[in-house]
Amino acid sequence: MRIEEQQRLLSILKTGFDQGGGEVYGDGIVRSPLSDFTCPDLLAEERRVFFRETPLFMGLSTDLPDNGTYWADSQTGLPILMTRDEDGEFHAFANTCRHRGAQVVPDGRGKTPRFSCPFHAWTYSSRGNLIAVNREQRFGAIEKSRFSLIELPAAERHGMLWVKPTPGGAINVDECLGGLEDDMAHWDLPAHAYAASQVVPANANWKLAVDTFGENYHFDVLHRKTLANDIRGNLQTHDIFGRNYRMVFALVQRFEQLGEATPNLNEWPFRSMTLSVYFIYPNTIFLVDAAAVDVVRIFPDGDNPGRSRTAHSFYITERARRHFAGHLFEERFEGFNAVVQKEDYNMAASTQRSADAGIQAEVLFGRNEPALLHYHNMHRSGLGRPLLEAQASAG
Ligand code: FES
Ligand SMILES: [Fe+2]
């Protein structure tokens, strides 16, 4: 993000901060049907279109820190093996053996020049080539070059890793970013080392889990004892980048301190005064704070529309690693889970129960929750469904 853009955002936040509330960006009130969270046919369509046919932001370049490293991840529903080969090139493969289809590499991370399938020990290189067939004479003649792991479109750009979980075609990351290239380049993502990851289950549709990251109208209520101490509620910026979205929040103590001590906005350090929250279509929330970046990937959990999984990884700068030495990883997950799992996803699960009960047909998004309309309409347009519209009032 360029300096001018940072200052534009800081200026919006400062005005809102001083006035005790920010601008409201939405055109009106939106009615959103609860059947979007319960319909098994819709979920089947979403799983095909969003989680197989759409390029997905998987993580950062530092998930594969050295040549010869790998990361096996099954969260999309398809086991995926990501590798960095001996020349440093990023690859992604369906993590399924060409012999009998077993998962070749257990989910996890590591470094190895070759992968041996746990079923009968067929062995593949980090470029996916089948390099050895156990007891080949007995098995029978096989043309190895025709039985490489199935390669998936993969791209690495701005320190981000992208994969499309269906073979064929190529990924244009800048097109996926829709104008966020500047921001991503600015954050210097390759300087953030992979720290740790966790998976958080929720009894809520995956879109309801995404929605909890879509407004801060709720901070002073639901998070009054947690996040609201650090981040000013009812104050955000609002910017759309193609299918993606960016909102920036103000850190209370930093704005209070610097508002007094340093009236000139040009001297404000953007990153240490804000939390930037990005929605990266179709399923990822990307967070940037002073010490770390978080990649929060939200997935349906099987074919139950009322369940989801959040795969959360975070990455830290070298300075932050020295500063927090040792305790950071647990503390960060504890802090994240105290807010997201215990508060946000608890509310999402209660909305899911309402949806399942069928007691009301719709819920409402206010003018002060503009990101929700954007998320829902991007998902709708991805499936060719009619878009939701804002109305002047609800009644
Ligand atoms: S299924 Fe992998 S070696 Fe047999
Ligand atoms: Fe929240």
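Residues numbered from 1 in each chain as written. Chains lettered and ligands numbered in written order. Predicted model: local features only at pLDDT ≥ 70, side-chain atom pairs only at ≥ 80, totals over all residues.

If you check the domain split of the protein chain, you get domain 1 (3–50 + 180–391) and domain 2 (56–170). The distance between the C-alpha centroids of domain 1 and domain 2 comes to 32 Å. Opposite the 19 residues of domain 1 that make contact, domain 2 presents 14 residues. Taken together, the elements giving at least two residues each to the side of domain 1 that touches domain 2 come down to helix H5 (181–186), strand S13 (193–202), strand S18 (292–300) and strand S19 (308–316). Considering every element that reaches the side of domain 1 that touches domain 2, the biggest residue donor is S19, with four residues. Considering only residue class, the side of domain 1 that touches domain 2 consists of 11 nonpolar, four polar and four charged. (Domains from an automatic or database assignment. Contact = placed C-beta atoms within 7 Å. Helix = DSSP H or I, 4+ residues; strand = E, 2+ residues; numbered from the N terminus. Nonpolar A, V, L, I, M, F, W, Y, C, P; charged D, E, K, R; others polar.)

On to the sheet that holds S13, then. In space, the seven strands of this open sheet follow the order S13-S19-S18-S17-S16-S15-S14, with antiparallel pairing throughout. Of all the strands in the sheet, just S13 and strand S14 (239–241) have a single pairing partner and so form its edges. Neighbouring strand axes in the sheet, compared pairwise and without regard to direction, differ in orientation by 20° on average. By the bridge criterion, nine bridges tie S13 to S19 in an arrangement that is antiparallel. Residue pairing for S19: Gln-198 is matched across the bridge by His-312. (Pairing = 2+ DSSP bridges. Axes fitted to C-alpha atoms, helices over the stretch in contact; angles between N-to-C directions.)

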